[in-house]
Protein chains: 2
Amino acid sequence: MTDKTELIETAEKIVEDLSQKNYAEVKRLLSEFNSVDLAEMLYEIPDDRLSIVFRLLPKELAADVFVDMDTEQQETLLSKFNDKEIKDVLNGLFVDDTVDIIEEMPAAIVKRILKQADKETRDSINAILSYPPDSAGSIMTTEYVSLKEEYLVKDAFEKIRRTGPDKETIYTCYVTDKSRRLVGIVSARTLLLSTPDDKIADIMETNVISVDTHADKEYVAREIQRYGFLSMPVVDKENRLVGIVTVDDAMDVLREENNEDFSKMSAVTPSDKPYLKTSVFKIFLNRLPWLLLLMVSATFTSLIISSYEDALLGISVTLFACVPMLMDTGGNAGSQASVTIIRGIALGETMPKDVLKVIWKELRVALMLGVVMSIVCFGKLMVIDSLYNPVTPMVALTVSLALFITIVLAKFIGSTLPLLAKVIRLDPAVVASPFITTFVDAISLIIYSNIALALLG
Amino acid sequence: MTDKTELIETAEKIVEDLSQKNYAEVKRLLSEFNSVDLAEMLYEIPDDRLSIVFRLLPKELAADVFVDMDTEQQETLLSKFNDKEIKDVLNGLFVDDTVDIIEEMPAAIVKRILKQADKETRDSINAILSYPPDSAGSIMTTEYVSLKEEYLVKDAFEKIRRTGPDKETIYTCYVTDKSRRLVGIVSARTLLLSTPDDKIADIMETNVISVDTHADKEYVAREIQRYGFLSMPVVDKENRLVGIVTVDDAMDVLREENNEDFSKMSAVTPSDKPYLKTSVFKIFLNRLPWLLLLMVSATFTSLIISSYEDALLGISVTLFACVPMLMDTGGNAGSQASVTIIRGIALGETMPKDVLKVIWKELRVALMLGVVMSIVCFGKLMVIDSLYNPVTPMVALTVSLALFITIVLAKFIGSTLPLLAKVIRLDPAVVASPFITTFVDAISLIIYSNIALALLG
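Computed from a prediction, not measured in an experiment: that's the story for all the values here.

This next bit is on helix H8 (residues 95-104) of chain A. Of all ten residues making up H8 of chain A, seven are buried, and the element is well covered by its neighbours. Within H8 of chain A, burial applies to Val95, Asp96, Asp97, Thr98, Val99, Ile101 and Ile102 of chain A.

Encoded structure:
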């Protein structure tokens, strides 16, 4: 319930107190927030004051705050830190967070970070960095609790107490055999509700769900959501446990994925920063190429209109006035289908192998929509549009027929194009509404013109 | 890593085994999956076999499987259950899940469920049902672990062991005072890493984040994500703890919200079922009203075109051929802005009070985009479009100028309309692209025509 205004006001008070060297008051203010809110508040502190404020943070929170900070602010701090301070922050981080930070930092800072890491941490960092980007391996952490089948519950607690402080989660413990193969899972809940002398082998869950190191990170996140897991084990090809992905990281992956899909569907290059924190020039760059591309592709539409213009106008003015309605409806019908399919693909509910099912479904929906829309369109033309321009029944019929075909076509293209994109390993979201609209526009105009010429020409 | 094909094949095997009365084999097959996969598999079992299969499930999984099942299947089962079976399933459910089920069932079944619930459960159910839909209160559960400040760690463990089996989570425990006011939080992790004689008051976190019972459920879900919580405490106006919302429920809320926003932005009424499981008629109904509404609103565009048609055509054929390009670009520019803002609102990053910041930002982006796009458009008209139809520089200038104004206008409308919608408590996502496109189309056509008449008429 800490709201932004409160954070901004506190940041202002802190800057004020700093200038009066009232460090005790700054410390008191800082102690009233948790790490996530502190990171958000630090965003409001000017760069030249940042390291002073950071050094006044409660020691046990410093690393947590650091993880949640903005990349640029992390860089500002790291460049001002001495080796001891880098080491302190590093010791408070989990390996997956360290890797996230390393991936964003310039080489000089990465070198300093790696120099301060102990051998074990360095090995873990390198292992995670070696997995393909966007794979389960690249977002996992190696800090999990592993148990043996022959342990008793009390041994497990002893191990959790001893190694727990350095583990990202202790709530799901993983049971491995001698070759580190994953054989079972036992939750801290089960441990707590068992008696000290129960054997792990007897209380562990053996229907183990795990993902491969090379699985797509979005798939992993969705599986964590689907199963309601707090963490998902990541195994190599020999089913040896190599790491875990936790639910908070899964939520971040899903949020990022949703943001990307929303951006792509509205023809914008995704940005990794909130809108209000993105620079005007960056927003401009994210939007320009798509607008340009779509404008140039609209040249085809212009070309088609030009070539049919004289013929159509010779027949009726209404034919021309209906072009935007036809194009809009085609675009809307297409994006209704495409967004539904794209979303289904993103959620793993719709697969390329379902293509025939999808086409059959969309065909029936399109026929129903086409019939109703055409009838309404016919009525609208004869009743409303006739008020300001006489419309003959033949013209109304032509427009309605073209509308029917446009809707069926738009549904077909809108539903199959994303699946096709998926098959040829393009991002389905990128072919979404804007492109499908341009495509549908062009084809439906040709059909429209030809129907008009055939029926009325 | 259990894939759908495996689940479908297992379901087929089970149906086969059932017809041969090979119940032992069915039991064996069922024992190899966890509750989430079992629920998904039951979806493939015909309704008349459903209750037999359900009765063969491992006892300890039955309630969990039931929660994850489809509403219609739950209803099928409940209508076949005797009172004892209803009671058994009910005892295995958490209160929030029971409420979810009750909300979907017909009155006769609800009555039977409530009859089987003990007084305490019934009170909890009624309490949760009394909160407004979509509020934190409506999705919370009342089954959390509460501790007292004066407890020692060993007392806490004793209480967890005693009451834990009925709690939705035991990983975050809530410390309350005599009046049930929330004063601190202590995680199972902290408990496990403390010594048995530590006092709860000394180890608990006192910077407590909580939400109000009437807070929006999407806000609660986003806060759980932002803080990386496993559960969020829900308090009443007097800061008394009344329930918690867990991370898995938060993930479901966010997924539902994202699905709804994707649907609305593509002018489809959201569906709560996956696409392939939704009936053709239901899809038809979800799409029809929006297509109709948008088609009728396109009448205005037609009206505008009709009234300027003669004048424009008297000047140049190119002017007319450029209408679709102008409309498409306006629509795209508008939805780039609107989707960005709508997404920002959904994530709580952009607020109505930011409206001036947003307008100022969009104005600068629009000017930059407008300049570049107009120059490219001018060049395209003179170089490419001239190939098939002569274009005078004055005509190209007219189109480019109109394009510039259209982009600025589209960005303005696209960014302010969602914020306006939010202020007047409409859903920002509903005013998105399709409506903004129709709106921008109409205005830009009027501007275009008037510029043409002024410069060339």
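Okay, back to it.
Moving on to the relation of the copies chain B and chain A. The transformation that overlays chain B on chain A combines an axial shift of 0.0 Å with a rotation of 180°, and the residual RMSD is 0.1 Å. As the rotation angle and translation indicate, the two copies are arranged about a two-fold axis. Both copies present the same face, since 100% of the interface residues in chain B are matched by interface residues at the equivalent positions in chain A.

Positive phi, close to 55°, is recorded for Lys21 of chain A, a residue that is not glycine. Position of Lys21 of chain A relative to the elements: it lies in the loop between helix H1 (4-19) and helix H2 (23-30). Even without being a glycine, Arg425 of chain B presents a positive backbone phi close to 60°. Along the polypeptide, Arg425 of chain B turns up in the loop between helix H21 (393-423) and helix H22 (433-456). According to the relative accessible area criterion, Arg425 of chain B is exposed, its value standing at 78%.

Residues and elements named next belong to chain B. Reading across the sheet, the three strands line up as S4-S5-S6 and stay open at both edges, with mixed pairing between neighbours. The strands lining the two open edges of the sheet, one partner per strand, are strand S4 (211-212) and strand S6 (241-246). Direction of pairing for strand S5 (residues 231-235) relative to S6: antiparallel, over a ladder of five bridges. Within the sheet, the bridge partner assigned to Met232 lies in S6 and is Val245.

On the surface, Phe300 and Leu303 of chain A together with Val383, Ile384, Leu387 and Tyr388 of chain B cluster together into a nonpolar patch covering about 600 Å² of accessible area. Relative to the helices and strands, Tyr388 of chain B resides in the loop between helix H20 (355-383) and H21.

With that out of the way, let us pick up the nonpolar core. Counting residues in each nonpolar core, the largest one holds 92 residues, and the members touching the most others are Val399, Leu403 and Tyr448 of chain A together with Met325, Val399, Leu403 and Tyr448 of chain B. Beyond its immediate stretch of four places on either side in the chain, Val399 of chain B contacts Leu319, Cys322, Met325, Leu326, Cys377, Leu381 and Tyr448 of chain B. The next biggest cluster of nonpolar side chains, apart from the first, holds 43 residues, and it includes Ala221, Tyr227, Met232 and Val253 of chain A.

Contacts between the two partners involve 127 residues from chain B, matched on the other side by 127 residues from chain A. Where chain B abuts chain A, roughly 11,000 Å² becomes buried across the two surfaces, and 65% of that area is made up of carbon and sulfur atoms. Put simply, Arg287 of chain B and Glu362 of chain A hold a salt bridge, and the shortest N to O gap is 2.8 Å. Applying the counting rule to chain B against chain A returns 43 residue pairs in polar contact (both at pLDDT 80 or more). Its residues placed into classes, the side of chain B that touches chain A shows 69 nonpolar, 28 polar and 30 charged.

Here we take up the packing of aromatic side chains. For any pair of aromatic rings, the description consists of the separation of the ring centres together with the inter-plane angle of the planes. All names here are of chain A. Under the criterion given, the structure shown has 14 aromatic pairs over all chains. Aromatic pair Tyr144 and Tyr174: ring centres 6.4 Å apart, planes at 90°, arrangement edge-to-face. Here the residue Tyr144 occupies a position in the loop between helix H11 (136-139) and strand S1 (146-147), and Tyr174 occupies one in strand S2 (residues 172-176), the gap between them amounting to 30 residues. The cationic tip of Lys277 hangs over the ring face of Tyr43; the distance from NZ or CZ to the ring centre is 3.8 Å.

Turning our eyes to something else, we now look at the sheet that holds strand S5 (residues 231-235) of chain A. Pairing between the strands of a sheet is mediated by backbone hydrogen bonds and can be parallel or antiparallel. Residue and element names in this part refer to chain A. The strand order across the open sheet built from three strands is S4-S5-S6, with neighbouring strands paired in mixed fashion. Each having just a single partner strand, strand S4 (211-212) and strand S6 (241-246) make up the two edges of the open sheet. Bridge count for S4 against S5 is two bridges, and the pairing is parallel. Its bridge partner being in S5, Val211 is matched across the sheet by Val234.

Residues and elements named next belong to chain B. Structurally, Ser335 is set in helix H19 (residues 323-346). A residue is classified by how much of its surface remains accessible, and Ser335, at 10% relative accessible area, is buried. Linking Ser335 and Lys411, residues 76 residues apart in sequence, is a C-alpha distance of 8.1 Å.

Residue and element names in this part refer to chain A. At a minimum axis separation of 9 Å, helix H7 (residues 83-91) and helix H9 (residues 107-116) run at an interaxial angle of 70°. Relative to H9, H7 is oriented roughly perpendicular. Residue-level contacts link Asp83, Ile86, Lys87 and Leu90 of H7 to Arg112, Ile113, Lys115 and Gln116 of H9. By residue class, the composition of the contact of H7 with H9 is three nonpolar, one polar and four charged.

Right, let's talk about the confidence of the model for chain A for a bit. Looking at chain A, pLDDT values average 89 and 99% of them are 70 or higher. Overall fold confidence for the complex sits at a pTM of 0.86, while the interface term, ipTM, reaches 0.86.

Now for a negative patch on the surface. Negative charge collects at one region of the surface, where Asp3, Glu6, Glu9, Glu12 and Glu44 of chain A lie side by side. Positionally, Asp3 of chain A belongs in the segment before H1.

This part is about the pairing of S6 of chain B. Of all six residues that make up S6 of chain B, six are buried, and the element is covered over most of its length. The hairpin formed by S5 of chain B and S6 of chain B contains five residues between the paired strands, and Asn239 of chain B there has a positive phi angle of roughly 65°.

Following the criterion strictly, the structure yields ten cavities of 30 Å³ or more and no others. Approximately 240 Å³ is the volume attributed to the second largest cavity. Around the second largest cavity, the lining is made up of 19 residues, and of these Leu254 and Asn258 of chain A together with Leu254, Arg255 and Asn258 of chain B lie nearest the centre. Elements represented by at least two residues in the lining of the second largest cavity include exactly helix H15 (217-227) and helix H16 (247-265) of chain A together with helix H15 (217-227), helix H16 (247-265) and H19 of chain B.

Moving on, we get to the side chain of Thr213 of chain B. Residue and element names in this part refer to chain B. By the element assignment, Thr213 lies in the loop between S4 and H15. Among the polar contacts made by the side chain of Thr213, one reaches the side chain of His214 at a distance of 3.1 Å. What Thr213 contacts, discounting residues up to four positions off in sequence, is Tyr131, Ser135, Ala136, Gly137, Val234, Val235, Asp236 and Val242.

Residue and element names in this part refer to chain A. The buried fraction of S2 amounts to five of the five residues, a majority that puts the element mostly inside the structure. Of the two faces of S2, the one carrying Thr172, Tyr174 and Thr176 and the one carrying Cys173 and Val175 are both buried. Here S1 pairs with S2 via two bridges, running parallel. Bridge assignment links Leu147 to a residue of S2, and that residue is Val175. Bridging between S2 and strand S3 (residues 182-187) involves five bridges; their strand directions are antiparallel. Following the sheet pairing, Cys173 is matched in S3 by Val186. The antiparallel hairpin formed by S2 and S3 contains five residues in its connecting segment, where Arg180 sits at a positive phi of about 65°.

Analysis parameters
For every chain, the first residue of the written sequence is number 1, and numbering continues from 1 along that sequence. Each chain gets a letter, beginning with A, and each ligand a number, beginning with 1, in the order they are written. Reporting in this predicted model follows two pLDDT cut-offs: at least 70 for local features of residues, and 80 or more for side-chain atom pairs to be given and counted; totals over whole chains, interfaces and linings ignore these cut-offs and use all residues. Excluding hydrogens and water, the side-chain figures rest on all heavy atoms present in the structure. To sort residues, take the accessible area from a 1.4 Å probe on protein chains only and compare it with the maximum for the residue type: under 20% means buried, over 50% means exposed, and anything in between is partly exposed. The way it works is that DSSP assigns letters per residue, a run of H or I at least four long becomes a helix, a run of E at least two long becomes a strand, and they are numbered from the N terminus. Each copy is superposed on the other by least squares, with the fit set by C-alpha atoms of residues at a pLDDT of at least 70 in both. What makes two residues a contact is simply this: any of their non-hydrogen atoms within 4.5 Å. Here the rule is simple: two strands pair whenever DSSP picks up at least two bridges between them. To count toward a patch, a residue needs a relative accessible area above 30% and no salt bridge. Like charges then connect within 9 Å, nonpolar side chains (Val, Leu, Ile, Met, Phe, Trp, Tyr) within 5 Å. Throughout, the Shrake-Rupley method with a 1.4 Å probe supplies accessible areas, and for residues the shown protein chains are the sole cover considered. Here a salt bridge means any side-chain nitrogen of Lys or Arg lying within 4 Å of a carboxyl oxygen belonging to Asp or Glu. In these notes, a set of buried Ala, Val, Leu, Ile, Met, Phe, Trp, Tyr and Cys residues joined through side-chain atoms within 4.5 Å is what counts as a nonpolar core. In this description, buried area is defined as the sum, over both parts, of the accessible area (probe of 1.4 Å) that is lost when the two are combined. We call two N or O atoms a polar contact when they sit within 3.5 Å, provided that within protein one can donate a hydrogen and the other can accept it, with sequence-adjacent residues counted only if both atoms are side-chain atoms. Gly is put with the polar residues, along with every residue not named as nonpolar or charged; the nonpolar set is Ala, Val, Leu, Ile, Met, Phe, Trp, Tyr, Cys and Pro, and the charged set is Asp, Glu, Lys and Arg. Only Phe, Tyr and Trp rings take part, Trp by its six-membered ring, and two of them pair if their centres are within 6.5 Å. Stacked means planes under 30 degrees apart, edge-to-face means over 60, and tilted covers everything else. Counted as over-ring charges are cases with an Arg CZ or a Lys NZ within 6 Å of the ring centre that also lie within 35 degrees of the ring normal. Here an axis means a line fitted to C-alpha atoms, over the contact stretch when the element is a helix, while the angle between two N-to-C directions is reported on a 0 to 180 degree scale. For classification, angles of less than 35 degrees are called roughly parallel, those exceeding 145 degrees roughly antiparallel, those between 65 and 115 degrees roughly perpendicular, and all remaining angles oblique. pLDDT runs from 0 to 100 and stands for how confident the predictor is about each residue. Charge assignment: positive for Lys and Arg, negative for Asp and Glu; neither His nor the chain ends contribute. Throughout, a charge is located at the NZ atom of Lys, the CZ atom of Arg, the CG atom of Asp or the CD atom of Glu. Computed over the protein atoms alone on a 1 Å grid, cavities are sets of points where a 1.4 Å probe fits but cannot get out and pockets are open sets with protein on both sides within 12 Å along at least five of seven lines; a residue lines them when it has an atom within 4 Å of a point. Grid points are joined across faces, edges and corners, and a volume is the space filled by probe spheres set on the points.

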